[in-house]
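# A closer look at the structure
If you want the building blocks of each chain, they are given just below.
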Amino acid sequence: MMRLTNNMVSNRVLSDLQTGYKAMATTQEQVSTGKRVNRPSDDPTAAAQARLRAADLEGVLRSKDSVAGAQSWLGQAENGLSTVNDILSRAKELTLSAANGSLSQNDRNSIAAEIDQLTQAAKDAMNAKSGDAYIFSGTKSDAPPYSAATGDTYQGDTNAVVREAGPGVALQVNPSFTPVGGGTAALTADALLGGGMGAADGKVLATLQTLSSHLRSGTPADIALIGTSDLQALEANRVAAGDARSMVGATTNRADSAESRLADLEAATNQSIDDLTGADMVKAITTLTAQQSAYQASLKVGAQIIQPSLVDFLR
C-alpha cells in the first residue's frame, strides 16, 4: 500500500483549491463581461465563427452609412426638383397672362424680367449640395452644374451616381428619367435644364430664355408663339420634371426599404455573435454561486485536514 504523507495531502488539497478557484474566476469573468468566450482559447471554434460574423457586421454598418448618405442626397434632390417644378408652374401662369394680346409692351417686358429671374433660380436650384457634393453634376460632384463664369454651359458629366445599399445591392441616387426629347438619362442638371437657348435642346433654360425673347420682341408673330409653342414647351418640361420627381421618390422608397433591411440584418448578426460567444447569465450566476459555496467548503475541509503537528511546534 502507498503511504500518504502530510506533504502529499497538502499538495493535493492545494491543487484542488487552485482548480476550484480557477473555475470560479472563469465563471466570474463570464458574469462580469456577459460573454462565454472572452479569448480564443475559451472556445476556438466559436471564436473563429464570431470573427466571421464580426466581419459581416462591419460590412452591414458600412452599407447603413452609405444608405444614410443616399437618403440625404435624395432628399436634397427632391427639394431641388420641387423648386424647378414651382418655377415652371409660375412661368406657365406668366405665359398664359402674356398670351393676352391686350397687354402693353411694358407689361410684357416686366413679365420677361421675371422670367429671367426664374431662369437664374432654376440654375440655383440645380446647384444644390449634399454635404460637399453637388448632386446634379453626375460623378463630377466637386463642380457646380452652372456658374456665373460659364453661364449656361453645364460643368458636370452625365454618369450614374451609385451607392452601396447592402451586400451585392447598388442604388443609383440620380435615377434615370425621361427628359424632354424622349429616351432616358441619369438625373443631372444637363438632362433637366439643358444648355440654354444656344443649345436649342428644348429643355428648361432654352424654353424660358426663348419665352423671354418672344416677350421682349413684341412682334405679332412672337406674341402668337407665346401662347402656342412656348406654352407647349413649358408643359413638356413640367412633365419631365414630374417624371424626375417620381423616379427620385421611388428611389427614396428603395433607400428606406434598404435601411429597414440592413437594420434587421444588423440585429440578426449581433444576435448570431451573441449566440456564439454570449453567456447564459442565469446559468452563469447559478454556477458561480455553487462554485463559491464549494470553494468555501474546500477551504474549511482543507483547514481541518492540514493541521499543525507537535513536531511543527517543537521546531
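The structure we're discussing is the one just above.
Residues numbered from 1 in each chain as written. Predicted model: local features only at pLDDT ≥ 70, side-chain atom pairs only at ≥ 80, totals over all residues. Heavy atoms only, no water.

## Structural notes on the overall build of the protein
When helices and strands are counted, the protein shows eight helices and six strands. Counting from the amino terminus, helix and strand elements in the protein follow one another as α-α-α-β-β-β-β-β-β-α-α-α-α-α. Along the three orthogonal principal directions, the C-alpha set of the protein runs to about 135 × 35 × 30 Å. For the protein, with 315 residues in total, the buried portion stands at 35%. Once local pairs closer than 6 in sequence are excluded, the contacts in the protein between residues at least 24 apart make up 64%. (Helix = DSSP H or I, 4+ residues; strand = E, 2+ residues; numbered from the N terminus. Buried < 20%, exposed > 50% of the residue type's maximum accessible area, 1.4 Å probe, protein only. Contact = heavy atoms within 4.5 Å.)

## With respect to the nonpolar core
If you look at the biggest cluster of nonpolar residues, it comprises 50 residues, and the most contacted ones within it are Ile115, Met126, Phe136, Leu192, Leu193 and Leu215. Of all the secondary-structure elements, those providing two or more residues to this core are helix H2 (44–98), helix H3 (105–126), helix H4 (189–192), helix H5 (204–217) and helix H6 (220–277). Residue contacts for Leu192: discarding those within four places in its chain leaves Leu81, Val84, Met126, Phe177, Lys203, Val204, Asn237, Ala240 and Ala241. (Core = buried A, V, L, I, M, F, W, Y, C linked by side-chain atoms within 4.5 Å.)

## Section: the environment of Gly194
Mapped onto the elements, Gly194 comes out in the loop between H4 and H5. In sequence terms Gly194 and Leu205 are eleven residues apart; their C-alpha atoms lie 6.2 Å from each other. Among all residues touching Gly194, those that are not within four sequence positions of it are Tyr146, Asp152, Ala189, Asp201, Lys203 and Leu205.

## Quick notes on the packing of H5 against H6
At a minimum axis separation of 10 Å, H5 and H6 run at an interaxial angle of 165°. If you check the angle between H5 and H6, you find them roughly antiparallel. At the point where H5 passes H6, the crossing takes the left-handed sense. Contact residues: Val204, Thr207, Leu208, Thr210, Leu211, His214, Leu215 and Ser217 in H5; Asp222, Leu225, Ile226, Asp230, Ala233, Leu234 and Asn237 in H6. A class-by-class count of the residues in the contact of H5 with H6 yields eight nonpolar, five polar and two charged. (Axes fitted to C-alpha atoms, helices over the stretch in contact; angles between N-to-C directions. Parallel < 35°, antiparallel > 145°, perpendicular 65-115°, else oblique. Left-handed = near helix turned anticlockwise from the far one by under 90°. Nonpolar A, V, L, I, M, F, W, Y, C, P; charged D, E, K, R; others polar.)

## Overview of the pattern of salt bridges
Pairing is possible between side chains of opposite charge, provided their charged atoms come close. If you walk through the whole model with that rule in mind, you get nine salt bridges. The partner of Arg216 in a salt bridge is Asp116, with the nearest N and O atoms 2.8 Å apart. Taken together, the positions of Arg216 in helix H5 and Asp116 in helix H3 put the pair 100 residues apart, joining distant regions of the chain. For Arg216, a relative accessible area of 40% gives the class partly exposed. (Salt bridge = Lys/Arg side-chain N within 4 Å of Asp/Glu carboxyl O.)

## Re H6
Relative to the 86 Å expected for 58 residues at 1.5 Å per residue, H6 spans 84 Å between its end C-alpha atoms, a close match to the ideal helical length. A maximum bend of about 45° is found in H6 at Ile226. (Expected span 1.5 Å × (residues − 1). Bend = angle between axes of the 7 residues up to and from the residue.)

## Some points on the packing of H2 against H3
At a closest axis distance of 9 Å, the pairing of H2 and H3 adopts a crossing angle of 165°. Taken together, H2 and H3 sit at an angle that is classed as roughly antiparallel. As H2 runs across H3, the sense of the crossing is left-handed. In this structure, H2 contributes Gly80, Thr83, Val84, Ile87, Arg90, Ala91, Leu94, Ser97 and Ala98 to the contact, and H3 contributes Ile111, Glu114, Ile115, Leu118, Ala121, Ala122, Ala125 and Met126.

## Side note on unusual backbone geometry
Even without a glycine there, the phi angle at Ala200 is positive, about 50°. Tracing the chain through its elements places Ala200 in the loop between H4 and H5.

## A closer look at the packing of aromatic side chains
Evaluated as defined, the whole model comprises one aromatic pair. One cation-aromatic arrangement involves Lys129 over Tyr134; the distance from NZ or CZ to the ring centre is 4.9 Å. Directly above the ring of Trp73 sits Arg163, whose terminal nitrogen or CZ lies 5.2 Å from the centroid. (Phe/Tyr/Trp six-rings, centres within 6.5 Å; stacked < 30°, edge-to-face > 60°. Lys NZ or Arg CZ within 6 Å of the ring centre and 35° of its normal.)

## Some words on the environment of Asn106
In this structure, Asn106 sits in helix H3. For Asn106, a relative accessible area of 58% gives the class exposed. Separated by 73 residues in the primary sequence, Asn106 and Thr33 place their C-alpha atoms 81 Å from one another.

## A look at the side chain of Thr188
On the secondary structure map, Thr188 appears in the loop between strand S6 (185–186) and H4. Separated by 3.2 Å, the side chain of Thr188 and the backbone nitrogen of Ala191 make a polar contact. In contact with Thr188, not counting residues within four places along its chain, are Phe136, Gly138, Tyr154, Asp157, Thr158 and Asn174. (Polar contact = N/O pair within 3.5 Å; in protein donor to acceptor, adjacent residues only side chain to side chain.)

## As for H5
Counted at 1.5 Å a residue, the expected span for H5 with its 14 residues is 20 Å, and the 20 Å between its end C-alpha atoms agrees. Most of H5 is tucked away, with ten of its 14 residues classed as buried. Among all positions in H5, only Val204, Leu205, Ala206, Thr207, Leu208, Gln209, Leu211, Ser212, His214 and Leu215 are buried. Looking at the buried residues of H5, the elements they touch are H2, H3, H4 and H6. Backbone geometry just after H5 places Gly218 at a positive phi near 75°.

## Focus: the side chain of Ser66
Checked against the element boundaries, Ser66 lands in helix H2. Once residues lying within four places of it in the same chain are set aside, the contact partners of Ser66 are Arg163 and Glu164.

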